[in-house]
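The lines below spell out each chain.
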Amino acid sequence: EPGTDLSQGLLAAVQELLRRKAACGEKELKPQLPVISEFIKTECSRLKEAAASAPQDSRCDFAELNAVFRHALMQAHT
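Residues numbered from 1 in each chain as written. Predicted model: local features only at pLDDT ≥ 70, side-chain atom pairs only at ≥ 80, totals over all residues. Heavy atoms only, no water.

What the protein chain contains, in helices and strands, is three helices and zero strands. Listing every helix and strand of the protein chain by position from the N terminus yields α-α-α. For the protein chain, buried positions account for 8% of its 78 residues. Surface summary for the protein chain: the accessible area is close to 7,100 Å², and the carbon and sulfur share equals 60%. (Helix = DSSP H or I, 4+ residues; strand = E, 2+ residues; numbered from the N terminus. Buried < 20%, exposed > 50% of the residue type's maximum accessible area, 1.4 Å probe, protein only. Areas by Shrake-Rupley, 256 points an atom, 1.4 Å probe, with all protein chains shown as cover.)

Here is the structure:
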C-alpha cells in the first residue's frame, strides 16, 4: 500500500530532523529537509485523491457505531 513503507532516505531525514530538534530550540529556523517536504507533498496529494473518491458517509447511519463507542468509553472508565 502506498505511503506505508518509508524509504531509507526518508528515515534518515527524519532522524536528522530529530537530531536537529534535540540540538536547538524550537524557535531557531533551520532549512527544510527536501526528502521530508517531498514526502509530505506527495502524501497530501495522494490522501486528497483518496478522500475525493471515498463514498459519502453523510448517508450512513452511525447509531450502531456510536453505541459501540459509548460502550467502550464506559468500559474504559470502570
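Along the chain, S7 falls in the segment before α1 (8–23). Judged by relative accessible area, which is 42%, S7 ranks as partly exposed. Through-space distance from the C-alpha of S7 to that of F39 is 9.9 Å; in sequence the pair is 32 residues apart.

Our next topic: the layout of surface pockets. By volume, the largest pocket is sized at about 230 Å³. Surrounding the largest pocket, 14 residues form its lining, L17, K21, K30, P31 and Q32 being those nearest its centre. Elements with a minimum of two residues in the lining of the largest pocket: α1 and α2 (34–53). Residue contributions to the lining of the largest pocket peak at three residues, all from α1. When the residues that make up the lining of the largest pocket are grouped by side-chain class, the tally is six nonpolar, three polar and five charged. (1 Å grid on protein atoms, 1.4 Å probe; cavity = no way out; pocket = protein on both sides within 12 Å on 5 of 7 lines; lining within 4 Å. Points joined across faces, edges and corners; volume = space filled by probe spheres on them. Nonpolar A, V, L, I, M, F, W, Y, C, P; charged D, E, K, R; others polar.)

Time to look at the confidence of the model for the protein chain. When pLDDT is averaged along the protein chain, the result is 84, and 88% of the positions lie at 70 or above. Averaged over each element, pLDDT in the protein chain is lowest for α1 (89) and highest for α2 (93). (pLDDT = per-residue confidence, 0-100.)

Scanning all chains against the criterion turns up three salt bridges. Taking the shortest distance from any N to any O, the salt bridge between R19 and E16 comes out at 2.6 Å. A residue pair is termed a helical-turn pair when its members lie 3 or 4 positions apart in one helix, as R19 and E16 do in helix α1 at three residues. A relative accessible area of 49% means that R19 is categorised as partly exposed. Linking E43 and R46 is a salt bridge whose minimum nitrogen-to-oxygen distance equals 2.7 Å. Of this pair, E43 and R46 both sit in helix α2, three residues apart, roughly one helical turn. By relative accessible area, which is 14% here, E43 ends up buried. One network of salt bridges, with partners in common, ties together E16, R19 and R20. (Salt bridge = Lys/Arg side-chain N within 4 Å of Asp/Glu carboxyl O.)

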